[in-house]
Amino acid sequence: MQFGIFSVSDITRDPVSGETPSEAERIDAIVQIAEKAEEVGLDVFAIGEHHNPPFFSSAPTTLLSHIAAKTKKLIVSTATTLITTNDPVRIAEEYAMLQHLAKGRMDLMLGRGNTAPVYPWFGADIRQSLPLALENYNLLHRLWREDVVDWEGKFRTPLQGFTSTPRPLDDLPPFVWHGSIRTPEIAEQAAFYGDGFFANNIFWPKEHYIRLIEFYRQRYAHYGHGTEKQAIVGLGGQAYIAKRSQDAVKEFRPYFNEAPVYGHGPRMEDFMEQTPLSVGSPQEVIDKTLTFREHFGDYQRQMFLMDHAGLPLKTVLNQLDLLGEEVVPVLRKEIETRQDPGTAKPPTHSGRVRDKYGDGPVRQPKPNANRGDNVTGGSPYQDSR
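These numbers were taken from a predicted model, which means no experiment stands behind them.

By volume, the second largest pocket amounts to about 570 Å³. Together, 26 residues line the second largest pocket, and Lys345, Pro347, Gly351, Arg352 and Asp355 are the ones closest to its centre. If you list the elements that add at least two residues to the lining of the second largest pocket, you get strand 8 (175–180) and helix 12 (349–357). In terms of residues, the lining of the second largest pocket owes the most to one element, helix 12, which gives 6 residues. Here the residues of the lining of the second largest pocket are counted per class, giving 12 nonpolar, 7 polar and 7 charged.

Given below as structure tokens:
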């Protein structure tokens, strides 16, 4: 299993110190957090996409390419790429470029986004969010797999003989997760294309996500991509860790109480009981995380939210030390001994290249000479095999 952390990129007042970091401080901190994630042995770092305050991550490909350049093994990903308000042509171009720069150490998670005002900012209608998600991904899927695309849909201008550049690294599109917290149509979409499904189970009771994940697995098998056990599932989670349970509860409570999303709402103990939030000792976090497998079956990626609600950078880095040194190694061993042998391996670029090419040559797309330029003539990729 892959383990990692994700950030929603919030800039939030620290309720203990009373200080709010600047954008510059928060952006610098997130790079340090990603580097620390690799240092302590985590596999993945992911960042969300937001275009409204108090979030800073409006250009995730720029940020992730910088992080990829400063790391060696870390997979960089998005915690959400907005498939509804981004042009799928730009998504195809930008994330293929990131794939090249990261030497394949990347993937992305597509989502509709739940901030209503963002839609008109980018010329979209939130009432069309589901049709937009379905149509835009259909186009994105083709742009990464066909050298030349003719396409016509409802929400953007048609394409004729269009080639998205750069072509995907090794002629292998980035791996895509479809993220959802409530929508079965998105689980269906992930299953139809044989992509991954990410259930960001940080707010709702497990029973809700059990239904979504079981539905995705059934439909994955229905479309002939493999058995239900071979479907690719990722889960979110939240954790705050201290050596002693009572210290964790004491330290995290003011941040929980003032958190923008659930602050001034349920008691922390009630929220811990009803959702995947883990606040406690390393062993308590281990024990609760292992229950995810009991509820949802074997899965491929576990992500934790650890840098939100105004937690200072020093605290987050200490959290990562505990996660990487005392929690994840135990989880890896425990899950390895319990996992069904028919479970699919986590997606990696190198593994997917082997699956596609075996021992044969790996295609590196390149334009054919004297075949036009997509503007004045036919695509230079028109005659590609």
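In this section: the pattern of salt bridges. Pairs can form between side chains of opposite charge whenever their charged atoms are close. Scanning the model with the defined rule gives 25 salt bridges in all. Arg90 serves as the salt-bridge partner of Glu94, at 2.8 Å between the closest nitrogen and oxygen. Note that Glu94 and Arg90 are positioned in helix 3 (residues 88–101) at a spacing of 4 residues, about one turn of the helix. Accessibility expressed as a relative area gives 30% for Glu94, which makes it partly exposed.

Bringing the nonpolar core into the picture now. Counting residues in each nonpolar core, the largest one holds 76 residues, and the members touching the most others are Ile5, Leu42, Phe45, Phe252, Val279 and Leu323. At 9 residues, the largest contribution of residues to this core is made by helix 11 (residues 313–338). Among all residues touching Ile5, those that are not within four sequence positions of it are Ile33, Ala37, Leu42, Val44, Phe45, Ala46, Met303, Phe304, Met306, Leu320 and Leu323. The next biggest cluster of nonpolar side chains, apart from the first, holds 30 residues, and it includes Ala46, Met109, Ile213 and Val233.

At the junction of Pro53 and Pro54, the peptide bond is cis and its omega measures out at 5 degrees in the coordinates. Structurally, Pro54 is set in the loop between strand 2 (44–47) and helix 2 (60–70). The peptide bond linking Thr165 to Pro166 adopts the cis configuration, its omega dihedral lying at -5 degrees. With respect to the helices and strands, the residue Pro166 is situated in the loop between strand 7 (159–162) and strand 8. Of note in the backbone geometry, Ser9 takes a positive phi value of approximately 65 degrees without being a glycine.

Separated by 73 residues in the primary sequence, Pro166 and Glu93 have C-alpha atoms spaced 6.4 Å apart. For Pro166, the residues in contact, after removing those within four places along its chain, are Glu93, Ala96, Met97 and His100.

Helix 6 (residues 184–193) packs onto helix 5 (residues 129–143) with a crossing angle of 15 degrees between their chain directions and a minimal axis gap of 11 Å. One way to sum up the angle between helix 5 and helix 6 is to call them roughly parallel. In terms of crossing hand, the pair formed by helix 5 and helix 6 is right-handed. Along its contact with helix 5, which presents Leu130, Ala133, Leu134, Tyr137, Asn138 and His141, the element helix 6 presents Glu185, Ile186, Gln189 and Tyr193. Of the residues assigned to the contact of helix 5 with helix 6, the class counts are 6 nonpolar, 3 polar and 1 charged.

This structure, assessed with the given rule, holds 12 aromatic pairs. Judged by centre distance (6.4 Å) and plane angle (90 degrees), the ring pair of Trp177 and Phe198 falls under edge-to-face. Of this pair, Trp177 sits in strand 8 while Phe198 sits in strand 9 (residues 196–199), placing them 21 residues apart in sequence. We note that Trp177, like Phe198, is buried. Connected via pairs of aromatic rings, a cluster forms that spans Tyr240, Phe252, Phe256, Tyr262 and Phe271.

Conventions adopted
- Residues numbered from 1 in each chain as written.
- Predicted model: local features only at pLDDT ≥ 70, side-chain atom pairs only at ≥ 80, totals over all residues.
- Heavy atoms only, no water.
- 1 Å grid on protein atoms, 1.4 Å probe; cavity = no way out; pocket = protein on both sides within 12 Å on 5 of 7 lines; lining within 4 Å.
- Points joined across faces, edges and corners; volume = space filled by probe spheres on them.
- Helix = DSSP H or I, 4+ residues; strand = E, 2+ residues; numbered from the N terminus.
- Nonpolar A, V, L, I, M, F, W, Y, C, P; charged D, E, K, R; others polar.
- Salt bridge = Lys/Arg side-chain N within 4 Å of Asp/Glu carboxyl O.
- Buried < 20%, exposed > 50% of the residue type's maximum accessible area, 1.4 Å probe, protein only.
- Core = buried A, V, L, I, M, F, W, Y, C linked by side-chain atoms within 4.5 Å.
- Contact = heavy atoms within 4.5 Å.
- Axes fitted to C-alpha atoms, helices over the stretch in contact; angles between N-to-C directions.
- Parallel < 35°, antiparallel > 145°, perpendicular 65-115°, else oblique.
- Left-handed = near helix turned anticlockwise from the far one by under 90°.
- Phe/Tyr/Trp six-rings, centres within 6.5 Å; stacked < 30°, edge-to-face > 60°.

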